[in-house]
Amino acid sequence: GDLHRYDGTNLAFVQTAPSGTDLAYLRTLGSELFVAYACRTGCPGQVFYLEENGIINAIPAGCTGIPTSVVKDQQGRIWFGDRYRFFRVLPSLDSGDYLYQEYNSPFSTENKEIAIRDGALWLATGGVTQTFNYRFLDHGVASLIDGQWTIYNRNNTTAFRGADVDDGDDDLFDFITIVIHPVNGKVYAGSFFEGLLEYDAVEFTLYN
């Protein structure tokens, strides 16, 4: 998790990963190098940018939840991709305020199965490998009801984090099947890893 800078002759230490985080990406945007860290236990991620002169600066807290990517557009706005919720938009590096940008869309293109009943569409967003093995996708399930997409996964719904919500080893991964009960309308989503979820339009219940 340590970051070093090499100038062609010397290797200099810049910083180490904050406690409890892993490096998510290194990305150059113009003259800045963006360094992102994702937390292992659900805490907010952190993003820094390194200037050409070697000074490192922190992006305002809240710009990232679980950082995955960053780009800069032609207006100089910085867009942060995030696995938790929404895109984050920073108007400029000098700005201390960020904006949320949400799109009415599925979370993932990794869709294994679709269930439709009474105008509701549900997706199992997971799958397995060609040899029927784990992929460890945590994209969860999604619904399209009355034109609105809703995403449920371990980053925003407690039941997807398994029986022990503080231990990532039993989180639900690789949803491979989904069905809607023909009488009561409950939704059942089966994962390849750690159990079955039942949704009664209010909350999820885990059977493992």
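Because the structure is predicted, anything quoted here is derived from the model rather than measured. (Residues numbered from 1 in each chain as written. Predicted model: local features only at pLDDT ≥ 70, side-chain atom pairs only at ≥ 80, totals over all residues. Heavy atoms only, no water.)

Asker: Would you explain the overall build of the protein in this entry?
Answerer: Within the protein one finds 0 helices and 18 strands. Based on the C-alpha atoms only, the size of the protein along its principal axes is roughly 70 × 35 × 30 Å. The burial tally for the protein puts 39% of its 208 residues in the buried class. The contacts of the protein with a sequence gap of at least 6 include a subset with a gap of at least 24, amounting to 33%. When the accessible surface of the protein is totalled, it reaches about 11,800 Å², and 49% of it is carbon and sulfur. When the 14 basic and 27 acidic side-chain charges of the protein are each reduced to a single mean position, those positions are 4 Å apart. (Helix = DSSP H or I, 4+ residues; strand = E, 2+ residues; numbered from the N terminus. Buried < 20%, exposed > 50% of the residue type's maximum accessible area, 1.4 Å probe, protein only. Contact = heavy atoms within 4.5 Å. Areas by Shrake-Rupley, 256 points an atom, 1.4 Å probe, with all protein chains shown as cover. Lys, Arg positive; Asp, Glu negative; His and termini not counted. Charge placed at Lys NZ, Arg CZ, Asp CG, Glu CD.)

Asker: Would you explain the confidence of the model for the protein in this entry?
Answerer: Looking at the protein as a whole, the pLDDT averages 89, with 99% of positions reaching at least 70. Looking over the protein, one finds the lowest element-wise mean pLDDT in strand E10 (residues 99-101), namely 78, and the highest in strand E17 (residues 196-199), namely 97. (pLDDT = per-residue confidence, 0-100.)

Asker: What's the story with the pairing of strand E18 (residues 204-207) in this structure? I'm lost.
Answerer: One face of the sheet, then the other: side chains in a regular strand alternate in exactly this way. Pairing geometry for E17 and E18, over 4 bridges, is antiparallel. Bridged to Leu197 within E18 is Leu206. Between E17 and E18, which pair antiparallel one after the other, the connecting turn spans 4 residues, and Ala201 there sits at a positive phi close to 80 degrees. (Pairing = 2+ DSSP bridges.)

Asker: Which parts of the structure should I look at to understand the sheet that holds E18?
Answerer: One key point about sheets: their strands pair by backbone hydrogen bonds, in either a parallel or an antiparallel sense. Reading across from one edge, E15-E16-E17-E18 is the order of the 4 strands in this open sheet, with antiparallel pairing throughout. Strands at the two margins of the open sheet, each flanked by one partner only, are strand E15 (173-180) and E18. On average, each strand axis in the sheet is inclined to that of its neighbour by 25 degrees, with strand direction left out of account. Alignment of strand E16 (residues 187-193) against E17, held across 4 bridges, turns out to be antiparallel. Bridge pairing links Tyr188 to Glu198 in E17. (Axes fitted to C-alpha atoms, helices over the stretch in contact; angles between N-to-C directions.)

Asker: Please clarify how the packing of aromatic side chains should be interpreted in this entry.
Answerer: What characterises a pair of aromatic rings is the spacing of the ring centres plus the angle enclosed by the ring planes. A complete count under the given rule lists 16 aromatic pairs for this structure. Measuring from ring centre to ring centre gives 5.5 Å for Trp122 and Tyr199, while their planes differ by 55 degrees; the resulting arrangement is tilted. One end of the pair, Trp122, is in strand E12 (residues 120-124); the other, Tyr199, is in strand E17, and 77 residues separate them in sequence. The exposure class of Tyr199 is buried, given its relative accessible area of 13%. When the ring of Phe132 is compared with that of Phe192, the centres are 5.1 Å apart and the planes differ by 80 degrees; the resulting orientation is edge-to-face. In this pair, Phe132 sits in the loop between E12 and strand E13 (141-145) while Phe192 sits in strand E16, placing the two residues 60 residues apart along the sequence. A relative accessible area of 22% places Phe192 in the partly exposed class. Taken together through their ring pairs, the aromatic side chains of Trp122, Tyr152, Phe160, Phe175, Tyr199 and Phe204 make up a single cluster. (Phe/Tyr/Trp six-rings, centres within 6.5 Å; stacked < 30°, edge-to-face > 60°.)

Asker: Sorry if this is basic, but what is going on with the pattern of salt bridges here?
Answerer: Side-chain pairs of opposite charge can arise whenever the charged atoms involved come near each other. Inspection of every chain in the model, using the stated rule, returns 7 salt bridges. In this structure, the salt-bridge partner of Arg154 is Asp171, at a minimum N-O distance of 2.7 Å. Taken as a pair, Arg154 in the loop between strand E14 (148-152) and E15 and Asp171 in the loop between E14 and E15 lie far apart in primary sequence, 17 residues in all. Here Asp171 falls in the buried class, since its relative accessible area comes to 5%. Through salt bridges that share partners, Asp138, Arg154 and Asp171 make up one connected network. (Salt bridge = Lys/Arg side-chain N within 4 Å of Asp/Glu carboxyl O.)

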